[in-house]
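# Architecture and fold: a report
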Amino acid sequence: MKLAITGPTSGIGAVAFSKLTPHFKEVFMIARNEAKAKKLIETLTIQDQKKVKFIYCDLTDMESVVAAAKIIKEKTSNLDVLINNAGGIFQNKEITKDGFEMSLAANHLGHFLLTHHLMPLLLTSGSPKVINVSSEAHRAAKVDFNDLNYKQKKFSSFTSYANVKLFNILFIKSLAEKFGEKGLNAFSLHPGVVKTNFGKETAGIFGFFWKLAAPFMITAADGAKTTIYLAKTKIDSLKNGYYFKKSKPVKPSTEANSEKMRDRLWLESEALLKHWL
Ligand SMILES: NC(=O)c1ccc[n+]([C@@H]2O[C@H](COP(=O)([O-])OP(=O)(O)OC[C@H]3O[C@@H](n4cnc5c(N)ncnc54)[C@H](OP(=O)(O)O)[C@@H]3O)[C@@H](O)[C@H]2O)c1
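Let us look at the structure shown here. Just so it is clear, the model here is predicted, and its values are computed rather than measured.

Turning our attention to the packing of aromatic side chains. All chains considered together, the criterion is met by 9 aromatic pairs. Ring geometry for phenylalanine 112 versus tryptophan 266: centroids 5.0 Å apart, planes at 65°, classification edge-to-face. Taken as a pair, phenylalanine 112 in helix H5 (residues 102–122) and tryptophan 266 in helix H10 (residues 259–272) lie far apart in primary sequence, 154 residues in all. The pair formed by phenylalanine 112 and tryptophan 266 is uniform in burial state, with each residue classed as buried. Measuring from centroid to centroid gives 6.0 Å for phenylalanine 145 and phenylalanine 167, while their planes differ by 15°, and the two rings are stacked. Taken as a pair, phenylalanine 145 in the loop between strand S5 (129–133) and helix H6 (157–179) and phenylalanine 167 in helix H6 lie far apart in primary sequence, 22 residues in all. Like phenylalanine 145, the residue phenylalanine 167 is buried in the burial classification. Each residue in the set Phe112, Phe171 and Trp266 is aromatic and connected to the rest through ring pairs, giving one cluster. Lysine 153 extends its terminal NZ or CZ atom over the ring of tyrosine 150, reaching a point 4.5 Å from the ring centre. Positioned over the ring face of tryptophan 266 is lysine 178, at 4.6 Å from the centre of the ring.

Turning our eyes to something else, we now look at the packing of helix H1 (residues 11–20) against helix H9 (residues 225–232). As a packed pair, H1 and H9 sit with axes 9 Å apart at the nearest point and diverge in direction by 40°. Considering their axes alone, H1 and H9 lie oblique with respect to each other. Helix-helix and strand crossings are classified by hand; for H1 and H9 the assignment is right-handed. For the pair formed by H1 and H9, the contact residues are Ile12, Val15, Ala16, Lys19 and Leu20 on the first element and Thr227, Ile228, Ala231 and Lys232 on the second.

This part takes up H5. The largest bend in H5 comes to about 35°, at leucine 109. Of all 21 residues making up H5, 19 are buried, and the element is well covered by its neighbours. Two or three places before serine 103, at the start of H5, stands the capping residue glutamate 101, its side-chain oxygen 3.0 Å from that residue's backbone nitrogen.

Attention now moves to the sheet that holds strand S8 (residues 248–250). In space, the 8 strands of this open sheet follow the order S3-S2-S1-S4-S5-S6-S7-S8, with mixed pairing throughout. The open sheet is flanked by strand S3 (52–56) and S8, the only strands paired with a single partner. Across the sheet, the mean angle separating the axes of adjacent strands is 25° when strand polarity is ignored. For strand S7 (residues 243–245) and S8, the ladder comprises 3 bridges, and the chain directions are antiparallel. Bridge pairing in S8 places phenylalanine 244 opposite proline 249.

Those residues of helix H7 (residues 204–213) that sit buried are Phe206, Gly207 and Trp210. Projected onto a plane normal to the axis of H7, the buried residues spread over an arc of 95° and lie on a single side. Opposite the buried face of H7, at more than 90 degrees from it, the exposed residues are Ile205 and Phe208. In this structure, the buried side of H7 is in contact with H6.

What follows deals with the packing of helix H4 (residues 62–75) against H5. Put simply, H4 and H5 touch, their axes get as near as 9 Å, and they point 30° apart. In terms of orientation, H4 lies roughly parallel with respect to H5. The crossing of H4 and H5 is right-handed. Along the contact surface, H4 presents Met62, Val65, Val66, Ala69, Ile72 and Lys73, while H5 presents Ala105, Leu109, Gly110, Leu113, Leu114, His117, Leu118 and Leu121. Classifying every residue of the contact of H4 with H5 gives 11 nonpolar, 2 polar and 1 charged.

What follows is about the nonpolar core. One finds Met62, Leu79, Leu82, Leu118, Phe167, Leu175 and Leu273 to be the most contacted residues of the largest nonpolar core, which totals 56 residues. Residue assignment for this core shows that the elements contributing at least two residues are strand S2 (26–31), H4, H5, H6, H7 and H10. A per-element tally of this core places H6 first, with 12 residues. Here leucine 175 is in contact with Thr115, Met119, Val130, Gly180, Leu184, Ala186 and Trp266, once residues within four sequence places are set aside. Counting residues in hydrophobic clusters, the runner-up holds 32 residues, among them Leu20, Phe54, Ile228 and Ala231.

Rules used in this analysis
Each chain carries its own residue numbering, running from 1 in the written order of its sequence. Selection of residues for local features in this predicted model requires a pLDDT of at least 70, selection of side-chain atom pairs for listing and counting requires 80 or more, and totals for whole chains, interfaces and linings are taken over all residues. Calculation of side-chain values draws on the structure's entire complement of heavy atoms; hydrogens and water are dropped beforehand. Two aromatic rings, drawn from Phe, Tyr or Trp (for Trp, its six-membered ring), form a pair once their centres lie within 6.5 Å of each other, and the interplanar angle then sorts them: stacked below 30 degrees, edge-to-face above 60, tilted otherwise. Only DSSP runs of H or I covering at least 4 residues are called helices, and only runs of E covering at least 2 are called strands; the numbering of each starts at the N terminus. Relative accessible area decides the class of each residue, using a 1.4 Å probe on protein chains only: under 20% of the type maximum gives buried, over 50% gives exposed, and in between gives partly exposed. Cation placement over rings: the criterion is NZ of Lys or CZ of Arg within 6 Å of the ring centroid and within 35° of the ring normal. Throughout, an axis means a line fitted to C-alpha atoms (over the contacting stretch in the case of helices), and angles, computed between N-to-C directions, take values from 0 to 180 degrees. An angle below 35 degrees is treated as roughly parallel, one above 145 as roughly antiparallel, one from 65 to 115 as roughly perpendicular, and anything else as oblique. Whether a crossing is left-handed or right-handed is set by the direction in which the near helix is turned from the far one by less than a right angle, anticlockwise for left-handed and clockwise for right-handed. Two residues qualify as a contact provided that any one of their heavy atoms is within 4.5 Å of a heavy atom in the partner residue. Two axes enter the bend calculation: one fitted to the seven residues ending at the residue in question, the other to the seven starting there, and the bend is the angle between them. Polar contact is defined as a pair of N or O atoms within 3.5 Å, subject to the rule that within protein one atom must be able to donate a hydrogen and the other to accept it, and that residues adjacent in sequence are counted only when both atoms are side-chain atoms. Strand pairing is assigned whenever DSSP identifies at least 2 bridges connecting the two strands. It is the directions from the helix axis to the C-beta atoms whose arc is reported. Throughout, the ten residues Ala, Val, Leu, Ile, Met, Phe, Trp, Tyr, Cys and Pro are labelled nonpolar, Asp, Glu, Lys and Arg are labelled charged, and all others, Gly among them, are labelled polar. To qualify as a nonpolar core, a set must consist of buried Ala, Val, Leu, Ile, Met, Phe, Trp, Tyr and Cys residues joined through side-chain atoms within 4.5 Å.

See the structure below:
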């Protein structure tokens, strides 16, 4: 069994990476910080260290995403589990060199592109899975598909984060719908409110509440449990495309179940990424 995971250098992803590696034959550690990755690899047993391949990827740079997928394709012809875990909230409006709003690129577009390029490897496996780490924040989404990169609208850090976490769920539902018959399983999840590097540099109202919530947050070890559960467990095919919390399927927002929304997101993502698909 082969695993690929984004954002394995910190928080929830680091725990999921460390706990899942012993269960896989080969692990692709997709990250932008090699020094951090190497440090984490050194904490594994010698036997597990040999399974890990570091793959450089900055999810906000689409050339880098394509290059990462190409390297993985050169190293393997199949992949069993892809965990799209990396992400974050951005306090200010930032535009990537490709012209995308940073949070859209880091949380959604980079993963959409990565998953697209790794799909042939996934579909070669017996029972492949794609897992997206979303958030309960998706319930606060206010999506404007005509202005995904905030060219006209005033930027809101929290709304843009809520939107992309909704996209994580919509994207998973589309994957289950489009590739379920070919054997693909796709799940999204909320990890809990977890004490990690997430939100540390955010000021404003969100930053204020995030700091207030700190004493009540769960550990990264607890926050990684649903990701690990989904990666290791065979889930009933009737639950393909579902959203999970505490390792149980739960109902996401009405928008997250909207076929119209997921179809529009798919089309808009393809249009934005057409140079790299
Ligand atoms: N913490 C929570 O309460 C919470 C709640 C709901 C959902 N989530 C979601 O859980 C996921 C993991 O977050 P976390 O809490 O573990 O936060 P974290 O400690 O900040 O870890 C985020 C990970 O994403 C990576 N990353 C960020 N931007 C990237 C980019 N442009 N290219 C490649 N990698 C990038 C980071 O890499 P570096 O190490 O290089 O920075 C890091 O490995 C995120 O998707 C987040 O939205 C978290």
